[in-house]
Amino acid sequence: MMKVLFVCLGNICRSPLAMGYFNQLAEQRGLAKIMHADSAATSNYNIGDSPDFRTRKNAKENGLELSHCARQITPQDLQNFDFIVAMDYDNRKNIASLLTNPARQARKVLLLRDFDPQPGNGAVPDPYYGGDEEFAEVYTIIKRCMPYFMDFLQLRLAENQKQELA
């Protein structure tokens, strides 16, 4: 099982949407039994809260149902997940501060926009202080990046299987 953790500041806007889209795409590709995502926050602001109402609205408009309660990332997550995917540079920096073995664990911490086929800013913008347009932009970025990220994961799985058979 390939396990991915999406991380943003509060775990109520970007990361739950990325998690929901990832899990939907895994289902569509027939990979739900071997790939699963969760999401978490770098802060403790919203622990136990549902995703922001605008995130839920945006998700529903795009065929996603989100049933997630915000939680904060833990050092144990760095052990339990194969990849930790940050939504922006600050989140990646905060995740890096939790690494107990940076030389070994750093390669599992990625930015979602590392998989964006369109060049630009490396961050998925935080829509919290914006409106529907900002939340729609976040969905568009996630939808654009996620297939490439999933291709990357499928390649990693294939490489792991080859190594196990060798």
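Residues numbered from 1 in each chain as written. Predicted model: local features only at pLDDT ≥ 70, side-chain atom pairs only at ≥ 80, totals over all residues. Heavy atoms only, no water.

Participant: Teacher, can you tell me more about unusual backbone geometry here?
Facilitator: Trans is the prevailing form of peptide bonds, just as negative phi is the prevailing case for residues other than glycine. For Asn-11, which is not glycine, the phi dihedral falls at a positive 65°. Take Asn-11: it is sitting in the loop between β1 (2-8) and α1 (14-28). (Helix = DSSP H or I, 4+ residues; strand = E, 2+ residues; numbered from the N terminus.)

Participant: Whenever I open this one, the pattern of salt bridges confuses me. Can you help?
Facilitator: Should the charged atoms of two oppositely charged side chains come close, the side chains can pair. Scanning the entire structure with this criterion turns up 10 salt bridges. Residue Asp-52 pairs with Arg-54 through a salt bridge whose shortest N-O separation is 2.9 Å. Each member of the pair, Asp-52 as well as Arg-54, is classed as buried. For Arg-156, the salt bridge identified is with Glu-159, shortest N-O distance 4.0 Å. Residue Arg-156 and its partner Glu-159 are located together in helix α6 (residues 132-165), separated by three residues, close to a single helical turn. Classification of Arg-156 by relative accessible area gives partly exposed; the value is 29%. Residue Glu-159 is classed as partly exposed on the basis of its relative accessible area of 36%. One network of salt bridges, in which partners are shared, links Arg-14, Asp-88 and Asp-126. (Salt bridge = Lys/Arg side-chain N within 4 Å of Asp/Glu carboxyl O. Buried < 20%, exposed > 50% of the residue type's maximum accessible area, 1.4 Å probe, protein only.)

Participant: What exactly am I supposed to notice about the environment of Gln-105 here?
Facilitator: Position of Gln-105 among the secondary structure elements: in helix α5 (residues 102-105). Sequence separation between Gln-105 and Asn-94 is 11 residues; the distance between their C-alpha atoms is 14 Å. In this view, Gln-105 contacts Leu-78, Gln-79, Leu-99 and Thr-100; residues no more than four positions away in its chain are not counted. Polar side-chain contacts of Gln-105 include one of 2.8 Å to the backbone nitrogen of Thr-100. (Contact = heavy atoms within 4.5 Å. Polar contact = N/O pair within 3.5 Å; in protein donor to acceptor, adjacent residues only side chain to side chain.)

Participant: Explain the nonpolar core here, please?
Facilitator: One broad trend across soluble globular proteins is that nonpolar side chains are buried collectively. In this structure, Phe-6, Phe-22, Met-35, Leu-112, Met-146 and Phe-149 are the most contacted members of the largest nonpolar core, which totals 34 residues. Residue assignment for this core shows that the elements contributing at least two residues are β1, α1, β2 (35-41), β3 (83-86) and α6. The element contributing the most residues to this core is α6, with 10 residues. Contact partners of Phe-149, with chain neighbours within four places excluded, come to Val-4, Phe-6, Phe-22, Val-85, Leu-110 and Phe-115. If you look at the next biggest cluster of nonpolar residues, it comprises 12 residues, including Val-7, Ile-73, Leu-78 and Phe-81. (Core = buried A, V, L, I, M, F, W, Y, C linked by side-chain atoms within 4.5 Å.)

Participant: Is there a simple way to think about the pairing of β3 in this case?
Facilitator: Put simply, side chains in a regular strand alternate between the two faces of the sheet. Burial along β3 is two-sided: Phe-83 and Val-85 facing one way and Ile-84 and Ala-86 facing the other are all buried. Examined bridge by bridge, β1 and β3 share four bridges and lie parallel to one another. The residue of β3 that forms the bridge with Leu-5 is Ile-84. Where β3 and strand β4 (residues 109-111) come together, three bridges link them in parallel fashion. Note that in β4 the partner of Ala-86 across the bridge is Leu-111. (Pairing = 2+ DSSP bridges.)

Participant: Looking at this model, I keep getting lost on the packing of aromatic side chains. Mind explaining?
Facilitator: Geometrically, a pair of aromatic rings is defined through the distance of the ring centres and the angle of the planes. Here the structure, examined in full by the defined rule, presents nine aromatic pairs. Each ring, one from Phe-149 and one from Phe-152, has its centre 6.2 Å from the other, and the planes form 20°; the classification is stacked. Of this pair, Phe-149 and Phe-152 both sit in helix α6, three residues apart, roughly one helical turn. Taking relative accessible area as the criterion, Phe-149 reaches 0% and is therefore assigned buried. Chaining the aromatic ring pairs together yields one cluster made of Phe-6, Phe-22, Phe-83, Phe-115, Phe-149 and Phe-152. For Lys-3, the ring lying beneath its charged end belongs to Phe-81, and the centroid distance is 5.5 Å. (Phe/Tyr/Trp six-rings, centres within 6.5 Å; stacked < 30°, edge-to-face > 60°. Lys NZ or Arg CZ within 6 Å of the ring centre and 35° of its normal.)

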